[in-house]
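# Coordinates in review
Below, each chain spelled out in residue letters.
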Amino acid sequence: MARKPANLVYGLDDRPPWSVTLLLAFQHAVLILMFVAYPLIVAAGAGFSPEATRNFVTATILAMGIGTILQAWSRFGSGYLLVHNPNPIHIPTLIQAGAVGGPALIATLGLFSAAVQASMGRIIRPLRRLLPAEVCGVTVTMLGVSLILPGLDRALELSPDRTVFQADSLLVAALSLAFMLAVAIFARGRVRLFSLPIGIAVGWAAAAAVGLDDHAPKVEIAALPWLDLPLRLPSFAFDFTFVPAIVLGAFIAAIDTLGIMISVQRMNDADWRRADLRGAARGMVADGASCTVSSVLGGMPTHISSSNVGLAFATGATARIVATVTGAILVVAALCPRVAATATMVPLPVLGAIILYSAAYLITSGMELILSRRLSERRVFMVGLSIIAGISLLVIPQVFRGVPEILAPFFGSPLSLAAIVALLLNLVFQIGISRQATLAMPADANPFLAVQDFLDRQGELWGARRDVIVSAARTTALAAEAILESGLARDGVRLDVLFDETHLDVAVVYQGTAIERPNAQPAPEALLGDEREVGRYVGWTLGQLSDSLELRSDGDRQTVLIRFEH
């Protein structure tokens with residue numbers, strides 16, 4: 001079981017009191033319902049009728065709730081608090097498809113998207129070497145960076161050309177963010193969990209005071225029924241013209257999904273070492289299942305929300321029960337139009353403050369993940385150039401507007417571009433790097449200095465975790481010293497080291513007396529005995545210091561194989 005990080009009040013398997021769970025889930029539901037704007041944009045752009053629009057939005061919300069519940073179910077999904085939202089990467093394609101073939105064509109394209117996302121989960125395990133910690137760190141960092149512009153757009157209510165902002169909006173967003181930060185930093189105990197609703201309440205009150213709170217929607221809400229399910233299951237239509245774009249968008253969404261799931265794995269495990277690709281595969285399958293449900297019901301393809309990941313981290317609550325309750329609230333919201341409409345009334349500056357609050361946590365979490373590895377020059381440039389590529393999309397987006405239409409989804413967000421650049425550079429920079437290394441150590445060598453220098457150099461070249469190299473150097477040097485100084489080896493020893501993303505294997509090879517591994521600790525006096533007694537004591541000690549120890553003997557040729565999990 002993963003060890004809960006100190007910054008989490010409620011970890012993955014914790015069950016907060018029901019009052020706390022309901023409030024935490026309500027926060028997530030309110031945040032995600034803001035993104036109902038995405039299906040509204042598609043429906044408006046495609047020219048849907050009011051009835052078709054209502055059906056489209058309701059089906060999307062219902063699928064979001066079902067997808068969130070499936071994602072939290074560890075036997076089927078990832079088992080993490082991952083809330084689903086409408087997938088914005090498909091908006092341009094869906095608008096065009098909706099204008100041509102209506103909801104029927106959108107439903108068919110949604111099934112294509114679901115198939116791609118689910119199938120990616122089945123082939124992700126062979127790709128483990130492509131996803132070392134620094135690549136994962138880039139995706140998590142850029143996940144936060146990609147939220148900056150949407151957050152600022154809403155916090156400042158920027159004009160379409162982003163040259164004019166609203167001073168009142170800046171005041172409201174700053175006040176809301178200040179209260180969120182004050183509660184998160186200075187509050188104690190459970191109060192810290194509610195930094196977001198406190199900040200929202202203060203920001204909403206400030207928005208009302210300066211006239212930014214638009215009361216017009218309340219009239220519309222009063223006219224809505226309390227309980228309704230305006231679903232009309234769609235027919236299906238097909239037009240191959242839109243398939244390449246939807247499949248490419250789904251592939252990018254799968255990369256985003258992988259980056260988001262890695263970030264929540266890191267968030268929930270204080271001893272995180274590497275991506276759990278089996279859990280990530282289940283998460284992608286659940287993602288595809290949610291898209292399937294949405295398409296069958298007549299809604300928009302869904303995706304995991306990065307904003308809610310940031311919210312979970314910021315509030316210090318990642319319990320999966322919160323995800324289940326959040327999904328249930330979304331299902332109720334789909335059945336109750338008044339609930340969904342009320343949630344969408346949060347003022348834009350307050351929503352911007354929420355997004356920026358979440359982005360800050362994700363950026364620093366990604367940086368911490370990058371720095372958990374020893375960075376060689378190759379990895380320094382891989383990380384730096386990937387982040388530059390992602391940020392360039394924010395700074396000079398006009399440069400990328402001329403890319404071929406088939407490649408446009410790769411340049412759809414800073415996260416997508418940075419993740420792809422990181423994956424490609426990681427492949428290119430592995431050229432010329434051997435995953436094996438050998439060190440011949442004569443009998444008069446200083447084992448600690450020789451082993452430390454050797455493994456430090458190789459660890460930097462491989463990008464191995466710092467703590468694993470330190471542990472391996474200490475244990476291997478101890479083994480070499482014991483073998484040389486006790487007379488177990490007639491000559492020197494040879495170290496054969498093999499590294500991959502899952503473990504570091506060190507083989508100490510020598511000619512001489514074999515080492516034995518006893519079941520119980522030998523007495524310290526064994527070190528004063530003959531070679532066999534010394535070998536037994538050395539074998540027991542090495543077994544305690546390594547994750548796995550294997551002793552092989554072939555006549556006079558002895559091999560001590562020490563494994564360190566990476």
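Above: the structure in question.
First, a word on scope: everything that follows refers to the structure included in this document. (Residues numbered from 1 in each chain as written. Predicted model: local features only at pLDDT ≥ 70, side-chain atom pairs only at ≥ 80, totals over all residues. Heavy atoms only, no water.)

## Thoughts on the packing of helix α6 (residues 148–156) against helix α15 (residues 348–370)
What counts is decided by this rule: A fitted line through C-alpha atoms represents every axis, and for helices the fit uses only the stretch in contact; the resulting angles, taken between N-to-C directions, go from 0 to 180 degrees. Per the convention used, a helix needs a DSSP run of H or I reaching at least four residues, while a strand needs a run of E reaching at least two, with both numbered from the N terminus. Each angle gets one of four labels, with under 35 degrees taken as roughly parallel, over 145 as roughly antiparallel, 65 to 115 as roughly perpendicular, and the rest as oblique. Left-handed is the label given to a crossing in which the near helix is rotated counterclockwise from the far helix by less than a right angle, and right-handed is the label when the rotation is clockwise. Residue contacts are counted whenever heavy atoms from the two residues lie within 4.5 Å of one another. Side-chain classes follow a simple rule in which Ala, Val, Leu, Ile, Met, Phe, Trp, Tyr, Cys and Pro form the nonpolar group, Asp, Glu, Lys and Arg form the charged group, and the remainder, Gly included, forms the polar group.
Contact pair α6 / α15: the axes reach a minimum separation of 7 Å and the direction vectors enclose 155°. By the criterion of interaxial angle, the relationship of α6 to α15 is roughly antiparallel. Seen along the crossing, α6 lies across α15 with a hand that is left-handed. Residues Ile148, Gly151, Leu152, Arg154 and Ala155 of α6 touch α15, and the partners they reach there are Leu348, Pro349, Leu351, Gly352, Ala353, Ile355, Leu356 and Ile363. Residues belonging to the contact of α6 with α15 are distributed by class as follows: ten nonpolar, two polar and one charged.

## Describing the pattern of salt bridges
Selection rule: Here, a salt bridge means any Lys or Arg side-chain nitrogen found within 4 Å of an Asp or Glu carboxyl oxygen. When a residue's accessible area, from a 1.4 Å probe over protein chains only, is under 20% of the maximum for its type it is buried; when over 50% it is exposed; and in between it is partly exposed.
By the definition in use, this model includes six salt bridges. In this structure, the salt-bridge partner of Arg457 is Asp453, at a minimum N-O distance of 2.9 Å. Taken together, the residues span about one helical turn, with Arg457 and Asp453 both in helix α18 (residues 447–462) at a distance of four residues. According to the relative accessible area criterion, Arg457 is partly exposed, its value standing at 45%. Judged by its relative accessible area of 47%, Asp453 falls in the partly exposed class. With its nearest N and O atoms 2.9 Å apart, the salt bridge here joins Arg552 to Glu550.

## Brief notes about the packing of aromatic side chains
Basically, it comes down to this: Stacked, edge-to-face and tilted labels apply to pairs of Phe, Tyr and Trp rings (six-membered ring for Trp) whose centres lie within 6.5 Å, assigned for plane angles under 30 degrees, over 60, and everything in between, in that order.
On inspection of all chains with the given rule, the structure shows two aromatic pairs. Centroid distance Trp73 to Phe76: 6.2 Å. Interplanar angle 20°. Geometry classified as stacked. For Phe76, a relative accessible area of 29% translates into the label partly exposed.

## Digging into the sheet that holds strand β6 (residues 548–554)
Rules: A pair of strands is treated as paired once DSSP finds two or more bridges between them.
Strand order in the open sheet formed by five strands is β3-β4-β5-β7-β6, with antiparallel pairing between adjacent strands. Only two strands of the sheet have a single neighbouring strand rather than two, namely β3 (436–441) and β6. In this sheet, neighbouring strand axes are inclined to one another by 15° on average, regardless of whether the strands run parallel or antiparallel. Strands in contact with helix α19 (residues 466–485) are β3, β4 (489–499), β5 (503–512) and β7 (557–565); relative to β7, the strand with the most contacts, it is inclined by about 160°.

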